[in-house]
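So the chains spell out like this:
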Amino acid sequence: MSVIQDVSARYALPVGGLSAKNDDAWRGLYTRLAAFSVIGGLVFNALLCLVNTRVMRVSDGHVMMSEMVLVGCVFIVALGRRTAPYMLLAVYISYMIFLFTMRGAPDLKAVRDILIPIGFYFAGRTLQDLKLADRLVFISSAIVVAVGLFEYMALDVYISFFNVIGYYLARGSVTVDQLYGQTTGLFISGMRPSARTILPFLGMHRVSSVFLEPVSVGNFGAIVYGWCLFRPTMRLRFVTLFLALTVIALGDARFGLYTCILMTLLLPVYRFMPRLAWYVLPFIMLSVLAYYGIQSGTQGGPNDIGGRFQVTAHLLTSLDLRVVFGAQTTTQFTADSGLAYTLTKFGLFGFMGLWGLLVFAPLNSVKARTFHGMVIVYLLLLMIISDSGYSIKTAGLLWFLFGTISVLDDAALGRKPRDRSPAAATGRNLSAA
C-alpha cells in the first residue's frame, strides 16, 4: 500500500494543473494527447472519408467511435484533482437527464455537443502552454491549406481518394433525395450556384479541404485569424495569418471574411465591453429575429446574409413553446440556425446557463479579454447561420485556445502589467519632475 501511495503522491496532478514537480512525468504525455485530440478532431472525418472511398464502408458508428476516442483523450488531460470540471459535468449531465426525462427520449448528440468545449477548455487550462497553442494553430493551418490546394488543383484525383458525397451517404447524414442527381464528388455546397464573393477568378469550386464541407472552412479561417490578431508575438504569425486568409479565399467563406472584418473593427472595444452586455446580446438577437419572423411571416430567403437572417427568423417562429423550454423534442431541421438548434437541444434555460459559462468564464489577465471577446463575436455570428459551432472539427481548437489564454497572466501573454504600487507611482512622479 505504501508503494501505491508513494506513486500517487509523486504523479498526481495538483489542483491548479501541472506543476514543476510532475512536469517531467506528465507534460510530454499530456501534450501529445492534447495535440492528438486537436489535430485528430480536425482531420478524422477526412481519414474516414478516405477509408470509405478506398477501403471499406464507413457507418455513423465509426464516426461516433472516433469522436469518443478524441474526447476521451482530451478528458485525460482535462481532469485532474480540480473540482471545477467534475462539478460542471455533474450539473450539466444532471440537467440533460432532466430534459430527457421530460421528453421521454435521450439525445446523446446534445450531451456530446457540450462535452467538447468542456474537455478542450480544461485541457488548455491544465497545460497552460502558449507555445503549444501557437504550434497547433500553425500546424492545423498548414494541413488545411495543403489539402485544400490538392483539392483545388487536382480535383479529379482528390475525389478518387475522397468521395465526399459517398461518405455522407454511407454515414446517413445525407439522403439520396437531397443530392439533386449528384451521386459522387464534392459536398452539396461544394460548388457555388451563383457568382463567387471572394476572388471570382478562382471559379465556382468552394474548397472544403479536410473538413469535407465548406462551412467549417470559414469557421476555421475566422478562428485562426482571430488568434493571429490576438498574438502579436506569435512565431510565424504573418505566415499563419496568410494561411488563414488563403483558407477563407479558397472556400469562398463569406462568413469567415465578415467575421474577420468585424473582429478587427471591434479591437478597441473588447477590453471595455461589460460582461453583462455580452451576456444579453444573444437573447436580444432572439427577440428581434422572432419579432421579425412574426411580423414578416418569412419562410426563409436566398443563400446570402439577409437570407440567413430570414431563415433563422422563420425557424424561431416555427418552434413550439414546449420545444423552446426543452420539454419536447422536434423533428424540424434546425441545422441552418445555431440559435434554433441550441433551443431545441438545451432549452431556453440551458441556453442561458451555457452562454453564461462562456461570458463569465474566469480570466487571469486583461489581455485575455480581447480573445474572449473575439470568441463571443464569432459564436454570436455563427449562431445566426449554422449549428457548426458545436462540431469538433473546429470547436476543439477554439476551446483549447480559449482555455489556454484564460489561465495565463498578462506577463505570460506578452502584456506588461501596470504597476500600481506607491513606490512605482513615486518613481514616475520623480521622473516627470
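For the structure, see preceding data.
Residues numbered from 1 in each chain as written. Predicted model: local features only at pLDDT ≥ 70, side-chain atom pairs only at ≥ 80, totals over all residues. Heavy atoms only, no water.

1. Describing the overall build of the protein chain
Logical step 1: The number of helices and strands found in the protein chain is 18 helices and zero strands.
Logical step 2: When each of the 433 residues of the protein chain is scored for burial, the buried share is 51%.
Logical step 3: In the protein chain, the share of contacts with a sequence separation of at least 24, taken over all contacts with a separation of at least 6, comes to 73%.
Logical step 4: A total of about 20,000 Å² of accessible surface is found on the protein chain, and carbon and sulfur atoms cover 67% of it. (Helix = DSSP H or I, 4+ residues; strand = E, 2+ residues; numbered from the N terminus. Buried < 20%, exposed > 50% of the residue type's maximum accessible area, 1.4 Å probe, protein only. Contact = heavy atoms within 4.5 Å. Areas by Shrake-Rupley, 256 points an atom, 1.4 Å probe, with all protein chains shown as cover.)

2. What to know about the nonpolar core
Logical step 1: In terms of nonpolar packing, the biggest core is built from 126 residues, with Trp227, Trp355, Phe371, Tyr378, Phe400, Phe402 and Ile405 touching the most fellow members.
Logical step 2: The leading source of residues in this core is helix α16 (residues 368-385), at 13 residues.
Logical step 3: Sequence-distant contacts of Phe371, defined by excluding residues within four places in its chain, comprise Gly226, Trp227, Phe230, Leu401, Phe402 and Ile405. (Core = buried A, V, L, I, M, F, W, Y, C linked by side-chain atoms within 4.5 Å.)

3. Description of the packing of aromatic side chains
One pair of aromatic rings is described through two measures. These are the centre distance and the angle between the planes.
Logical step 1: Going through the model one piece at a time under the given rule, you end up with 18 aromatic pairs.
Logical step 2: Aromatic pair Tyr279 and Phe283: ring centres 5.5 Å apart, planes at 55°, arrangement tilted. Pair noted here: Tyr279 and Phe283 are both in helix α12 (residues 275-296), with a separation of four residues, about one helical turn.
Logical step 3: On the accessibility criterion, Tyr279 (17% relative accessible area) is buried.
Logical step 4: An aromatic cluster of at least three residues, connected via ring pairs, comprises Tyr121, Phe122, Trp399 and Phe402.
Logical step 5: The cationic tip of Arg237 hangs over the ring face of Phe238; the distance from NZ or CZ to the ring centre is 5.3 Å. (Phe/Tyr/Trp six-rings, centres within 6.5 Å; stacked < 30°, edge-to-face > 60°. Lys NZ or Arg CZ within 6 Å of the ring centre and 35° of its normal.)

4. Quick look at the side chain of Asp129
Logical step 1: Along the chain, the position of Asp129 falls in the loop between α5 (108-127) and α6 (130-153).
Logical step 2: No salt bridge forms around the buried Asp129; measuring N to O, its nearest opposite-charge neighbour Arg27 is 4.2 Å away.
Logical step 3: A polar side-chain atom of Asp129 sits 3.1 Å from the main-chain amide nitrogen of Lys131.
Logical step 4: Contacts of Asp129, omitting those with residues within four sequence positions, involve Arg27 and Thr404. (Lys, Arg positive; Asp, Glu negative; His and termini not counted. Salt bridge = Lys/Arg side-chain N within 4 Å of Asp/Glu carboxyl O. Polar contact = N/O pair within 3.5 Å; in protein donor to acceptor, adjacent residues only side chain to side chain.)

5. Thoughts on α16
Logical step 1: In this model, α16 (18 residues) spans 27 Å end to end at C-alpha, consistent with the 26 Å of a helix rising 1.5 Å per residue.
Logical step 2: Burial of α16 is extensive: 16 of the 18 residues sit out of reach of the surface. (Expected span 1.5 Å × (residues − 1).)

6. Regarding a nonpolar patch on the surface
Logical step 1: Taken together, the side chains of Tyr258, Ile261, Leu265, Ile305 and Phe309 present a nonpolar region at the surface, about 460 Å² in accessible area.
Logical step 2: Listing elements by their share of the nonpolar patch, those giving two or more residues are α11 (254-265) and α13 (305-318).
Logical step 3: In terms of residue count, α11 provides more of the nonpolar patch than any other element does, three residues in total. (Patch = residues over 30% accessible without salt bridge, like charges linked within 9 Å, V, L, I, M, F, W, Y side chains within 5 Å.)

7. What about the environment of Ser189?
Logical step 1: Position of Ser189 relative to the elements: it lies in the loop between α8 (164-171) and α9 (214-230).
Logical step 2: Judged by its relative accessible area of 24%, Ser189 falls in the partly exposed class.
Logical step 3: With near-sequence residues (within four places) excluded, Ser189 lies in contact with Arg206 and Pro214.

8. Thoughts on the environment of Asp336
Logical step 1: In this structure, Asp336 sits in the loop between α14 (321-324) and α15 (338-359).
Logical step 2: Apart from the residues lying within four places of it in its own chain, the contact partners of Asp336 are Val311, Thr312, Leu315, Ile384, Ile385 and Ser386.

9. With respect to the pattern of salt bridges
Logical step 1: All chains considered together, the criterion is met by nine salt bridges.
Logical step 2: When the shortest N-O distance is used, the salt bridge between Asp60 and Arg171 registers 3.6 Å. One end of the pair, Asp60, is in helix α3 (residues 60-78); the other, Arg171, is in helix α8, and 111 residues separate them in sequence.
Logical step 3: For Arg322, the salt bridge identified is with Asp320, shortest N-O distance 3.2 Å.

10. Some remarks on α15
Logical step 1: Between its first and last C-alpha atoms α15 spans 17 Å; for 22 residues at 1.5 Å apiece the expected length is 32 Å, and the helix comes up short by more than 12%.
Logical step 2: The largest bend in α15 amounts to roughly 105° and is located at Phe346.
Logical step 3: The buried count for α15 comes to 16 of 22 residues, which makes it a mostly enclosed element. (Bend = angle between axes of the 7 residues up to and from the residue.)

11. Details of the packing of α13 against α15
Logical step 1: Two elements in contact, α13 and α15, have axes separated by 8 Å at closest approach and are oriented at 25°. On the basis of the axis angle, α13 is roughly parallel to α15. Residues Thr312, Leu315 and Leu316 of α13 form the contact with α15, whose participating residues are Leu339, Ala340 and Leu343. (Axes fitted to C-alpha atoms, helices over the stretch in contact; angles between N-to-C directions. Parallel < 35°, antiparallel > 145°, perpendicular 65-115°, else oblique.)

12. As for the side chain of Ser141
Logical step 1: In this fold, Ser141 is placed in helix α6.
Logical step 2: We classify Ser141 as buried; its relative accessible area is 0%.

Taken by themselves, the reported measurements are silent on function.
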